[in-house]
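Single-letter residue listing:
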Amino acid sequence: MSTVLYPGSFDPFHYGHLDVVTQAAELFGSVVVAVMHNPQKPSGVLPTQTRLDIAQKMLSDIPGVTVQAFGGLAVDAARSAKADFIVKGLRTPGDFEVEQQMAHTNYAVAHVRTVYVPCQPGLSHVSSRFIRDIVHYGGDVSSMVPAFVVDALQKSFSARS
Ligand code: PNS
């Protein structure tokens, strides 16, 4: 059994992320989902605590999974969580290009390795950015996130306007 770190912005956590964590828990046993944020430079739509709450709620049934917020570098979060390596999900060739550069950088600076998990084919289109856009304009994202995530996004959009 290994402990792995699954870092991301999770703005919001969605069914594609859930699939990756489910696979990682089956493969490696223990998964720390790391909600990465920069306290000096808050960005995105959902507050960090809301991102944590959503991930925790969506992952509550999977044994061996914990959710934590981290600032700073993913490699430092991996060390702090005592993770053996980082796990990332791959949806598209575009993801691979971005992730490969991060994986090489994380190995170069800290000798932290990255392992990729391919997403289920039916989830390759699911993206937090598209979910935010669709909710913002009132569209249907019920195939990508539960209803309480839509409520949280709508609340954040309303608070901004
Ligand atoms: O869900 P995202 O936005 O694709 O996740 C990107 C994330 C948070 C995993 C990446 O930006 C990250 O690792 N940020 C932490 C800062 C860091 O380690 N930067 C160096 C990357 S090589």
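All values derive from a computational prediction rather than experimental measurement.

A.B. asks: Tell me what's going on with the site of the ligand, and back it up with residues and numbers.
C.D. replies: Close to the ligand lie Pro-7, Gly-8, Ser-9, Met-36, Gly-72, Leu-73, Ala-74, Lys-88, Met-102, Thr-105 and Asn-106, which account for all nearby residues. When the ligand is considered free in solution it has 540 Å² of accessible area, and contact with the protein chains removes 63% of it. Contributions of two or more residues to the shell around the ligand are made by strand S1 (2-8) and helix H4 (93-110). A per-element tally of the shell around the ligand places H4 first, with 3 residues.

A.B. asks: Provide a residue-level description of helix H2 (residues 48-59), including the pertinent values.
C.D. replies: Taking 1.5 Å per residue, 12 residues should reach 16 Å; H2 reaches 17 Å between its end C-alpha atoms and fits that length. Those residues of H2 that sit buried are Arg-51, Leu-52, Ile-54, Ala-55, Met-58 and Leu-59. Viewed end-on, H2 has its buried residues packed into an arc of 165°, placing them on one side of the element. Where H2 is buried, its residues touch helix H1 (15-28), strand S2 (29-36), strand S3 (65-70) and helix H6 (147-160).

A.B. asks: Go over the side chain of Glu-99, please, and point to the residues and values.
C.D. replies: With respect to the secondary-structure elements, Glu-99 resides in helix H4. Apart from residues no more than four positions distant in its own chain, Glu-99 is found in contact with Lys-88, Leu-90 and Tyr-116.

A.B. asks: Pulling in residues and values, what's your account of H4?
C.D. replies: Its 18 residues give H4 an end-to-end C-alpha distance of 25 Å, which sits within 8% of 26 Å, the value for a rise of 1.5 Å per residue. Within H4 the residues assigned to the buried category are Asp-95, Glu-99, Ala-103, Asn-106 and Ala-110. Where H4 is buried, its residues touch helix H3 (74-80), strand S4 (85-90) and strand S5 (114-118). One or two positions beyond H4, positive phi appears at His-111, with a value near 60°.

Conventions we followed
Residues numbered from 1 in each chain as written. Predicted model: local features only at pLDDT ≥ 70, side-chain atom pairs only at ≥ 80, totals over all residues. Heavy atoms only, no water. Near = heavy atom within 4 Å. Areas by Shrake-Rupley, 256 points an atom, 1.4 Å probe, with all protein chains shown as cover. Helix = DSSP H or I, 4+ residues; strand = E, 2+ residues; numbered from the N terminus. Expected span 1.5 Å × (residues − 1). Buried < 20%, exposed > 50% of the residue type's maximum accessible area, 1.4 Å probe, protein only. Arc of directions from axis to C-beta. Contact = heavy atoms within 4.5 Å.

Spatial relationships are all this shows, so hold off on functional conclusions.
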